[in-house]
Amino acid sequence: MARLRPRHIPQVFNVIEQILSPECWMVFLADWTLFLQAFGVTVMVSIAALALALTLGVVFGVMSTSHFALPRSVARAYVEAIQNTPLVLQAYVFYLALPYVGVMMGQVSVGIFAVGIYHGAYIAEVVRAGIQSIPRGQGEAAASQGFTYVQTMRWVILPQTVKIILPPLVNQMVNLIKNTSVIALIGGTDLMNRTNDWATSGASIYGPPFLVCGVLYFLLCFPLSTWGRRYEERLKRKDSRAGQELKTLEEELS
Amino acid sequence: MIRLSNVHKFFGSHEVLKGINLDVNEGEKLVIIGPSGSGKSTTVRCMNGLETPTSGHVFIGDTELTKKNRIELVRSTSSMVFQQFNLYPHLTVMGNLTLAPIKLFGKTRREAQELARHYLAVVGLEEKANAYPATLSGGQQQRVAIARALCSQTKIILFDEPTSALDPETVQEVLNVMVKLAGEKNITMVIVTHEMGFAREVADRVIFMDDGTILEEGTPEHFFENPTHERTKQFLGKILH
Amino acid sequence: MMKKLHGMGALLLSALAILTFTAVSSAATLPDDVQAIVKRGELRVGVKSDVPGFSMQDLSGNYAGMEVDLAKKLAEAMGLKADDVTFTAVTAKTRGQLLDTGDIDMVLATFTITEERKNIWNFSSPYYTDAVSLLVKKNSGISGYADLVSKRIGVAEGSTSKDALIKAAKENGVTLTDTNNIQTFPDYPSIKAALDAGQVQAFCVDGSILSGYLDPSTEILTSVRFAPQEYGVATKLSNKGLAGFVEEQIKGWLSDGSIDKIIAKNGVTPSFKK
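Scoring rules and cut-offs
- Residues numbered from 1 in each chain as written.
- Chains lettered and ligands numbered in written order.
- Predicted model: local features only at pLDDT ≥ 70, side-chain atom pairs only at ≥ 80, totals over all residues.
- Heavy atoms only, no water.
- Helix = DSSP H or I, 4+ residues; strand = E, 2+ residues; numbered from the N terminus.
- Buried < 20%, exposed > 50% of the residue type's maximum accessible area, 1.4 Å probe, protein only.
- Contact = heavy atoms within 4.5 Å.
- Areas by Shrake-Rupley, 256 points an atom, 1.4 Å probe, with all protein chains shown as cover.
- Core = buried A, V, L, I, M, F, W, Y, C linked by side-chain atoms within 4.5 Å.
- Domains from an automatic or database assignment.
- Pairing = 2+ DSSP bridges.
- Axes fitted to C-alpha atoms, helices over the stretch in contact; angles between N-to-C directions.
- 1 Å grid on protein atoms, 1.4 Å probe; cavity = no way out; pocket = protein on both sides within 12 Å on 5 of 7 lines; lining within 4 Å.
- Points joined across faces, edges and corners; volume = space filled by probe spheres on them.
- Nonpolar A, V, L, I, M, F, W, Y, C, P; charged D, E, K, R; others polar.
- Salt bridge = Lys/Arg side-chain N within 4 Å of Asp/Glu carboxyl O.
- Buried area = accessible area lost by both parts, 1.4 Å probe.
- Polar contact = N/O pair within 3.5 Å; in protein donor to acceptor, adjacent residues only side chain to side chain.

Looking only at helices and strands, chain C has 11 helices and 14 strands in total. Put simply, chain C has 274 residues, and 49% of those count as buried. Long-range pairs, those at least 24 residues apart, make up 74% of the contacts in chain C with a sequence separation of at least 6. Carbon and sulfur atoms make up 58% of the accessible area of chain C, which amounts to about 12,400 Å² in all.

Here is the structure:
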């Protein structure tokens, strides 16, 4: 066990003073590997959940624009069920309910599946709105050439969609990263859980760990959201058609 | 080549086609004219399954066009040129022209590009192969769209008001290309248009549609010199003067 | 008769005098921080809301348990009424913070006295001694430390049970690690749910707390008991006067058997004897 027990506990109890106290930082930094490890878990769950969310988002997003009622209803049911129940409940279902039907998942897997499926539903809506913002003529042109529905999506519609759904997609990615902290509630040793645990045991030093925790999440999310915003501004400025489609898309999603 | 048999089409409760019977012969250049809302576009869109008749039948060759065989049948027999061009904006001109040949007709990239260059030459736009559609004028985009239709090498090409969205000064360059195409004996063309001079020049037969029915049909000579119906005369009077 | 009467009168008088004296003296000698509470007319106490026998909140919002009784007794000792106590539900995570911010005056919440914590808060003498144990499923096959090596054990965030378990296992020649064996949950019900779902195979916390989660499908391991934990009344470090007052009362009640009575009344006889 890596936990390093400080020989001397700083007598600083005010959280703000703790942040200004080098002593508190020393105690905190002595355990920095614990935080690095937990940060690694957060990053790993984020990446895997993102891959899952994107896959589900594209599949269900395309399904919800289908001409056929069945795939459309399935996609609708998925999106509505996920969007109208809390993520925490969904995580509990994966962690606490699935074992009763013989599916045992660790916290990391629960994080990937619960968060991936949750954001998959939101991304499906983004993809659906993106597809629907592409002028009808594009699908008709492809149909007149003899492309099937899936081919039309793959070669004609989705490549055009990517450009305009990127900003709302980046938004989802940022939310996804933050929402991986749901596994802290089921005992997953991610950054949030580790911070909570460390800060409340032993020395009662809250300031530095929570500050660093916030900074680490910020470092993951801020570059992403900044990039998304700049991209969006540029798109709206220079490319009138895609910019227009993006505006329609945002109205649709809001 | 194409046969519409008692085709009715409703949009909601509004009946846009009221029993259309029409045969298009192989190699024929058929022009459909009529006021807007008369059902011209819907008629031509029924010919490649973009619209499904509410009742009635559509045949291509000897085969009835159904939901099931639509993709296969359309792919091998017809292509279409739209009023709004509908080029794929994310692809270059070359990409637009080679997409279907590569993905649908099993051509290699090299074969598809060769084909594309050939048809770009036909529409006079060889130098625009690497341009994106957004950088082209309306007339140029429509010529690319015609080249794209040609790249499918189908016997039937459907034109749905191909010059209606164009600036007046670029209409002629597109019409010139179409006149050139009309010289090809083995291509069947169905053209919805308001360009009467063009219709007169290329049409083997002209159809006048009004309020979802075919009101009059005949040779261009008959049509433009001696139309039978009062309604046709009215329409032509408005559009020609 | 007269003499007797006189004697009785003297006795009465002296008793009255003593009473008056005590009252006056206690009022006069109550430290400032206690007086502030008395003046406010409300004693704010942090207690658990989910530990049967110690402090459990019922559906109508009332608290009951030995720590609740003790808090009321402390209020009475200050000259307040038992009803003047305002209870705040705390967890292992929040109790320290709430003390530090001054939201509550004291914590009676199965709060284990440790050397580290003594540097941060004042603790009274222990009013209860408990040991950490494990709650397991009856069919789990876990009977001792050696069975835990390949198991996952749920603990609460911010509790001392984790370190204590790893240490106790080590003393018994068994190596448990934070990453392989320990999972940290935000509260006790979460751990019990994880135990029921089979996500963890053992629930590790003080035996008194475990007894609240005991049900027909589970058992508390009698073979694994370690780290005797002493619960004390915690107060904010700067409230020395309050701490001294509390300590005085607790000591008195420990020696006169009042606390034993409260323990017996609430049915939480300790499983651990020193």
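Core analysis: the biggest nonpolar cluster contains 148 residues, and C:Met106 and C:Tyr127 have the highest contact counts within it. Sorting elements by how many residues they give to this core places helix H6 (residues 107-133) of chain A first, with 12 residues. Residues lining this core come from more than one domain, with at least three contributed by each of domain 1 (33-127 + 232-265) and domain 2 (131-228) of chain C. Residues B:Val81, B:Leu87, B:Met178 and B:Val202 belong to the second largest nonpolar core, which totals 48 residues.

All names here are of chain C. Across the sheet, which stays open at both edges, the 5 strands sit in the order E5-E1-E6-E14-E7 with mixed pairing between neighbours. The two strands at the open ends of the sheet, each matched to only one other strand, are strand E5 (85-89) and strand E7 (121-123). Of the strands in this sheet, strand E1 (43-47), E5 and strand E6 (106-107) are in contact with helix H3 (residues 66-77), which crosses E5 at around 145 degrees.

By volume, the largest pocket is sized at about 1,200 Å³. Around the largest pocket, the lining comprises 34 residues; the ones closest to its centre are A:His67, A:Ala143, A:Tyr149, B:Leu50 and B:Arg70. Grouping the amino acids of the lining of the largest pocket by side-chain chemistry returns 15 nonpolar, 11 polar and 8 charged. Reported here for the second largest pocket is a volume of approximately 670 Å³. C:Thr160, C:Asp163, C:Ala164, C:Lys167 and C:Ala227 are the residues nearest the centre of the second largest pocket, which is lined by 30 residues in total. Only helix H5 (115-118), helix H6 (161-171) and strand E13 (226-231) of chain C provide two or more residues apiece to the lining of the second largest pocket. In terms of residues, the lining of the second largest pocket owes the most to one element, H6(C), which gives 7 residues. In the lining of the second largest pocket, the residues fall into 10 nonpolar, 10 polar and 10 charged. Of the residues that make up the lining of the second largest pocket, three or more belong to each of domain 1 (33-127 + 232-265) and domain 2 (131-228) of chain C.

When the charged atoms of two side chains lie near each other, side chains of opposite charge can form a pair. Residues and elements named next belong to chain A. Inspection of the entire model under this criterion finds 28 salt bridges over all chains. Close ionic contact of Glu-140 with Arg-136 constitutes a salt bridge, the shortest N to O distance being 3.1 Å. Note that Glu-140 and Arg-136 are positioned in helix H7 (residues 136-145) at a spacing of 4 residues, about one turn of the helix. Given a relative accessible area of 13%, Glu-140 falls into the buried group. One salt-bridge network, held together by shared partners, links Arg-76, Glu-80, Glu-125 and Arg-128.

With 2 pairs of chains in contact, the largest contact count belongs to chains A and C. When C-alpha atoms are compared, chain B and chain C, though not in contact, are closest at a spacing of 49 Å.

Residue and element names in this part refer to chain C. Per the domain assignment, the segments of chain C are domain 1 (33-127 + 232-265) and domain 2 (131-228). In this structure, domain 1 and domain 2 have C-alpha centres spaced 27 Å apart. With 11 residues of domain 1 at the contact, the number on the domain 2 side is 10 residues. Of the roughly 890 Å² buried at the junction of domain 1 and domain 2 (both faces included), carbon and sulfur atoms supply 55%. Our count for the domain 1 to domain 2 interface comes out at 0 salt bridges. Joining domain 1 to domain 2, the criterion identifies 1 residue pair in polar contact (both at pLDDT 80 or more).

Residue and element names in this part refer to chain C. Under the definition given, this model contains 4 cavities of 30 Å³ or more. Looking at the largest cavity, its volume works out to about 70 Å³. Lining of the largest cavity is provided by 13 residues; of these, Arg-95, Thr-110, Thr-112, Ser-159 and Asp-206 occupy positions nearest its centre. Mapped onto the domain boundaries, the lining of the largest cavity takes at least three residues apiece from domain 1 (33-127 + 232-265) and domain 2 (131-228).

Listed by partner, the interface residues are 18 residues for chain A and 22 residues for chain B. When chain A packs against chain B, the two sides together hide about 1,700 Å² of surface, and 57% of this comes from carbon and sulfur. Counting across the chain A and chain B interface gives 1 salt bridge. Between A:Glu140 and B:Arg45 there is a salt bridge, with the nearest N and O atoms lying 2.7 Å from each other. The interface formed by chain A and chain B contains 7 residue pairs in polar contact (both at pLDDT 80 or more). Those elements that place two or more of their residues in the side of chain A that touches chain B are H7 and helix H8 (149-179) of chain A. The element best represented in the side of chain A that touches chain B is H7(A), accounting for 9 residues.

Here we come to the pairing of E1(C). Residues and elements named next belong to chain C. For E1, a buried count of 4 out of 5 residues is recorded, marking the element as mostly surrounded by other parts of the structure. Sheet topology places E1 next to E5; 5 bridges connect them, and they run parallel. In the sheet register, Val-45 faces E5, and the bridge partner there is Phe-87. Pairing of E1 with E6 involves 2 bridges; the strand directions are parallel.

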